[in-house]
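Residue strings, one per chain:
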Amino acid sequence: MAVNAATPFVGPIRARLFGLTIVLLLASLIAVSFDALNRFEADLVPEMDKKAVAVGQSLTKDIQRALDYGIPLDKLVGVNEFFNVTKDSHAEIKYLSVTDTAGNVLFSVGDAPGGMSDYVQSTMQPGHSGVVGQLLVTSLAVQPSGGAQPVGALHVGVDQKFVQKKLEDIIFDVAIVLLVALLITFELLLFLMTTNISRPIESVHRLMSKVEVGDFRQTLEHDSRDEVGRFVHTLNGIILEVNAHYRNMEAKVNEALADSSEAAVQLRKKLSAHFFQLHDRVHTAKDARPEEVREKSLVDVRTPMFIFIFAEELSRSFFPLYVSDLYRPVPGLTQDMVIGLPISLFMLFVAIGTPFAGIWTDRFGSRNIFLAGAILAIAGFVGTGLAPDLYHLLLWRSLTAIAYALITMSCQGYIVAMTTKENRAQGMAVFIGAIMVAAICGTSIGGVLADRLGFRVTFFMSAVLSIIAAVFVYNTFQRRQAESTQAPPKLRLVHFLQLLGNVRFAALMLFGAIPAKIILTGFLFYLTPLYLNELGNSQSEIGRGMMVYFIVMVFGTPIFARLADTFGLRFLPVLVGGILAGGGGMLMFLWDDTLGVILGVGLLGAGHALSTAPLISMVPSVCAREVDAMGQTTVLGVFRILERVGSVAGPFLTAFLVATLGSAHAIAALGALVLGSTVLLGLFFLIAGTKTAEEAA
Amino acid sequence: MKLTPKISLTILVILAFAISVTALLNYYKYQSTLRELVQSRFVVVGLDLKNAVEGSVSLGIPLSQTENIQELLGRVKASDEQILSAEVFGIAGTKGIRLFSTDPANVGQAAPASWVTSAEKEDSESWRFDEDAAFGVGLPIINNFNKPVGGIVLRYSRAYQQGKIDAMFDALGRSALVVFAIACGLAFIGVYVFFRPISSTFTRMAASLNSLVSDEAPTLTEANAETPAEKHYAEFQSKTNKVLEVLREAKRDGLIEAKD
């Protein structure tokens, strides 16, 4: 993860370590779940039996009433219809039948298990239970009131696999735990491997290479007490010793040179013999104090960023539901709009705060700005968790949005400072990777936490995580940050006006970037939690459903980017991505249940995975003149800010659509909007081309 | 702390997290499944009662004057030791008053507002509620005009379910601990095997470097270096040793002060 190439033998060890952890995790979770299944079956089957008896007693009472009217058992009418209603009301009941005293089946619903007739012949004991095929069958006597002789028996068959099927529901939960555990494992091991092994080993190699050529001007800062730490300690000792001895000798040479006595001349001869052996071969620190260097790594920024985004994403799956709990009428806004308001406001403050955060990072350093952001985030999360009403919530979320802008910009600033133009893309990939992985983990775990601990406690947990991120940065980010090799661009209004004057750029924004953000915040962030909740899903299930977007993004983006690069495609992935994202929303016209929503979320993820990177890479090519005039970073900065118009508008527009069309059709309408704008984008560039004739020339 | 235990500890933290979360999810699933199962059993009992009461109401008898309800409630309570109480409350005209109850002291008392609200909901089939000592299910009583006129409530033992849930918690906790212990052992072995090369390389390099500091013959040389890191170290050592030898010679000649 360090910017420099990894030392050869660290890679295989890291791979084996990940392999070991994954195997151990899988084996442990399978063992725990298998044991749980066995215990549940042993414990729940008697309860199912009790329920079968209760259902049987209820049914026999109704049959008894008919018998008391003098209707013979075999002449009863509508029994199967009556049984069907009962069977359909209880998921675990798979078979119901009535037999006469001879064991002949008079009425039955559901598939009779093999061996049922043998079972019926062998038992007519009331309350008797037995396993027949896949069913646990409980039999009750059917008899008229007043202690008359039984005229038949009712058999209630319960699915023995019911418990197993119930447990299958949590396979998804366990799979998510596994995925999240693996992703967290990756982050933790990455951090541990980098700080304890890769980075020190690389540093040791680098330092040894320097010393080999006589450069004794640096020591390594490394305070661990492990094998590597002990080696570094001894190595530093040698470097210090050489520096001290050499400077000592140099001082004596100088003294001797200044003294013209015979003794001094002799001493000078002796010293020179030694000193000049080293003079051209050894470079020591000027004051005999070598510089103590600490190798920086992108992990320094990845880990706290991961923790903070994880904290922020914990509320992703329930935030609109939390807002609706605090709902209070706001003049001029519908209830749906009010629920979308905090998300829009958050996006707005992130958009406003980002340029300022960039400027402050340059002025005060990444460490200070991250810590300031963390303090605001902690206050924001605690305040959101305690918010008594909507207005307090808006205030605290705005504060959290500013914190978000400060923290993300400080991390970007840190990466810019420690990378060069050549490896900056790699640095930013690390940054974006941390955000996406944290989004997967945060969204899913947040849902589980909200389910078990409630919305407010989950916000407090976000605050605790922000403290951890702050402590991390306090200890790892350097107080005195190295200056960036490239001055950040200053965005001015004229840049916006110039770029919007480029009709190709305006079309790309209006038909590509802004609709993509509208559907992201409107469909995924705002409406998915509300609609999945409306469909009766638990918080865990909502978190799981939303996480699909981030999973598809994390795994799809690099694959699609590589394919686009291989085939030299830019515009086609943007179009196909737009069609997929729009199609995902429009799916609601056909399939407006939970599975449809999750599929829509997945298609949205696939669409964005396909189109996001090519869309950004199209910007320099449609703005070649502006890139020449104001620089690519400025052009992309304007692009980033303008696309946030979509993020702010998304929840509001969606709320309006929900009020007008209902949730499912609102999602479909958002899909239609994206699909329509993608078609317009395609037509526009088909007619206008991606470059002006002048630029093409 | 040495490298091997440090890495092992990290893996153990990850394993502890994953195993405990999985065990907890299993536990919660058991809890909800058991509760659903027991609740659905009492809903079946409640539905029987509801059919009987609605039978009387459909004959035009006001709910408060239906004579056999008290007897029915008593019979239902006696049929299952887990049932703590059974009650019928009215809505129309009786303003949420408990009309019949297996607990005579409750008759004439106001029913909780949440029961009345739940019974009044048009689409209500059944509802559930929690109390400190009991769980409960409620079912609306509907008249011939499809309007709710009251509700039936069954309260059943919480202690019974809690006992089973607690026992399951202990059992799942024990098995999670056993799995964790086994995984710990395997993790330690795996990490030891994978990290031995790095650990021993650095141990050998540090020992050799120490011998260099002590002006003794280095233990690791290009001849016995095994790994790429050791080979690089041996090269570094031979070059550094030349510098150190010059300095030591100067020191022996008294040209460098001993304190340095």
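Residues numbered from 1 in each chain as written. Chains lettered and ligands numbered in written order. Predicted model: local features only at pLDDT ≥ 70, side-chain atom pairs only at ≥ 80, totals over all residues.

### Section: the overall build of chain B
Piece 1. Check the secondary structure of chain B and you find 5 helices and 5 strands.
Piece 2. Along the chain direction, N to C, the helices and strands of chain B fall in the order α-α-β-β-α-β-β-β-α-α.
Piece 3. By the compact-globule yardstick of 18 Å for 260 residues, chain B is too spread out, its C-alpha radius of gyration being 39 Å.
Piece 4. Partitioning the contacts of chain B with sequence separation of at least 6, the portion at a separation of at least 24 is 54%. (Helix = DSSP H or I, 4+ residues; strand = E, 2+ residues; numbered from the N terminus. Rg over C-alpha atoms; globule rule 2.2 N^0.38 Å. Contact = placed C-beta atoms within 7 Å.)

### Here we look at the overall build of chain A
Piece 1. Along the backbone of chain A there are 22 helices and 9 strands.
Piece 2. Rg of the C-alpha trace for chain A: 35 Å, well past the compact-globule value of 26 Å for 697 residues, more than 25% over.
Piece 3. If you line up chain A on its principal axes, its C-alpha atoms span 140 × 65 × 50 Å.
Piece 4. The proportion of buried residues among the 697 residues of chain A is 50%.
Piece 5. Sequence separation of 24 or more characterises 78% of the internal contacts of chain A that already satisfy a separation of 6 or more. (Buried ≥ 20, exposed ≤ 12 C-beta atoms within 10 Å, placed from the backbone.)

### Quick notes on the sheet that holds strand β2 (residues 98-101) of chain B
Residue and element names in this part refer to chain B.
Piece 1. On the basis of which strands lie adjacent, the open sheet formed by 5 strands has the order β2-β1-β5-β4-β3 and antiparallel pairing. Edge strands, defined here as strands with exactly one partner in the open sheet, are β2 and β3 (127-130). On average, each strand axis in the sheet is tilted by 25° relative to the strand beside it, whichever way the strands run.
Piece 2. Across 9 bridges, the pairing between strand β4 (residues 134-142) and strand β5 (residues 148-157) is antiparallel. Note on β5: the bridge partner recorded for I141 is G150. (Pairing = 2+ DSSP bridges. Axes fitted to C-alpha atoms, helices over the stretch in contact; angles between N-to-C directions.)

### Some points on the environment of A:V330
Piece 1. Mapped onto the elements, A:V330 comes out in the loop between α8 (319-325) and α9 (335-364).
Piece 2. For A:V330 and A:L390, which are 60 residues apart along the polypeptide, the C-alpha to C-alpha distance reads 9.4 Å.

### A look at the packing of helix α10 (residues 366-386) of chain A against helix α11 (residues 390-418) of chain A
Residues and elements named next belong to chain A.
Piece 1. α11 packs onto α10 with a crossing angle of 155° between their chain directions and a minimal axis gap of 7 Å. Taken together, the axes of α10 and α11 lie roughly antiparallel to each other. When the axes of α10 and α11 are compared, the crossing they make is left-handed.
Piece 2. Looking at side-chain class alone, the contact of α10 with α11 contains 19 nonpolar, 9 polar and 1 charged residues. (Parallel < 35°, antiparallel > 145°, perpendicular 65-115°, else oblique. Left-handed = near helix turned anticlockwise from the far one by under 90°. Nonpolar A, V, L, I, M, F, W, Y, C, P; charged D, E, K, R; others polar.)

### Some words on the interface of chain A and chain B
Piece 1. Between chain A and chain B, the residue contacts involve 71 residues of the former and 71 residues of the latter.
Piece 2. The biggest single contributor to the side of chain A that touches chain B is helix α1 (residues 10-68) of chain A, with 26 residues.
Piece 3. In terms of residue class, the side of chain A that touches chain B is built from 39 nonpolar, 14 polar and 18 charged.

### Side note on the environment of A:A629
Piece 1. Looking at where A:A629 falls in the secondary structure, it is placed in helix α19 (residues 624-630).
Piece 2. Taking the C-alpha atoms as reference, A:A629 lies 9.9 Å from A:H495; in sequence the two are 134 residues apart.

### Some words on unusual backbone geometry
Residues and elements named next belong to chain B.
Piece 1. Its identity as a non-glycine residue notwithstanding, N146 has a phi of 60°, on the positive side.
Piece 2. Assignment of secondary structure puts N146 in the loop between β4 and β5.
Piece 3. Taking the C-beta count within 10 Å as the criterion, N146 has 7 such neighbours and is therefore assigned exposed.

### Looking at the packing of helix α18 (residues 594-622) of chain A against helix α20 (residues 632-661) of chain A
All names here are of chain A.
Piece 1. One can describe the packing of α18 onto α20 by two numbers: an axis separation of 10 Å at closest approach and a directional angle of 125°. Taken together, the axis directions place α18 and α20 in an arrangement best described as oblique. Crossing of α18 against α20: the hand is right-handed. Only Q632, V635, L636 and F639 of α20 make contact with α18, whose side of the interface consists of I616, V619 and P620.
Piece 2. Here the contact of α18 with α20 is built from residues that sort into 6 nonpolar, 1 polar and no charged.

### Regarding the sheet that holds strand β2 (residues 105-109) of chain A
Residue and element names in this part refer to chain A.
Piece 1. Spatially, 5 strands are ordered β2-β1-β5-β4-β3 in an open sheet, and the strand pairing comes out antiparallel. Only two strands of the sheet have a single neighbouring strand rather than two, namely β2 and β3 (128-132). Here the average twist between neighbouring strands, direction ignored, is 20°.
Piece 2. Packing against the sheet, helix α2 (residues 79-89) makes contact with β1 (93-100) and β2, and its axis sits at approximately 35° to β2.

### Side note on the pairing of strand β4 (residues 135-142) of chain A
All names here are of chain A.
Piece 1. Within β4, 7 of the 8 residues are buried, which leaves the element mostly enclosed by the surrounding structure.
Piece 2. Taken together, the 5 bridges between β3 and β4 define a ladder with antiparallel strand orientation. By the bridge assignment for β4, G130 is matched with V137.
Piece 3. When β4 meets strand β5 (residues 152-159), the two strands line up antiparallel, connected through 8 bridges. Counterpart to T138 in the pairing with β5 is V156.

### Examining the pairing of β4(B)
Residues in a regular strand project their side chains so that they alternate between the two faces of the sheet.
Residues and elements named next belong to chain B.
Piece 1. Among the 9 residues that make up β4, 7 are buried, leaving the element largely enclosed by the rest of the structure.
Piece 2. Counting the residues between successive antiparallel strands, the hairpin from β3 to β4 contains 3 residues.
Piece 3. The hairpin formed by β4 and β5 contains 5 residues between the paired strands, and N146 there has a positive phi angle of roughly 60°.

### A word on the confidence of the model for chain A
Piece 1. Considering every residue of chain A, the mean pLDDT works out to 84; 92% of them sit at 70 or more.
Piece 2. Throughout residues 1-6 of chain A the model reports pLDDT below 50, and contacts reaching past four residues in sequence, or to other chains, amount to 19 contacts. (pLDDT = per-residue confidence, 0-100.)

### Thoughts on the confidence of the model for chain B
Piece 1. Averaged over every residue, the pLDDT of chain B is 84; the share at 70 or more is 95%.
Piece 2. When mean pLDDT is compared element by element in chain B, strand β1 (residues 83-90) of chain B scores highest at 92, while helix α5 (residues 228-252) of chain B scores lowest at 80.

### Section: the environment of A:E295
All names here are of chain A.
Piece 1. As for its position among the elements, E295 is in the loop between β9 (291-293) and α7 (299-313).
Piece 2. A tally of 21 C-beta atoms within 10 Å means that E295 is categorised as buried.
Piece 3. When the C-alpha positions of E295 and R199 are compared, they lie 6.9 Å apart, and in sequence the two are 96 residues distant.

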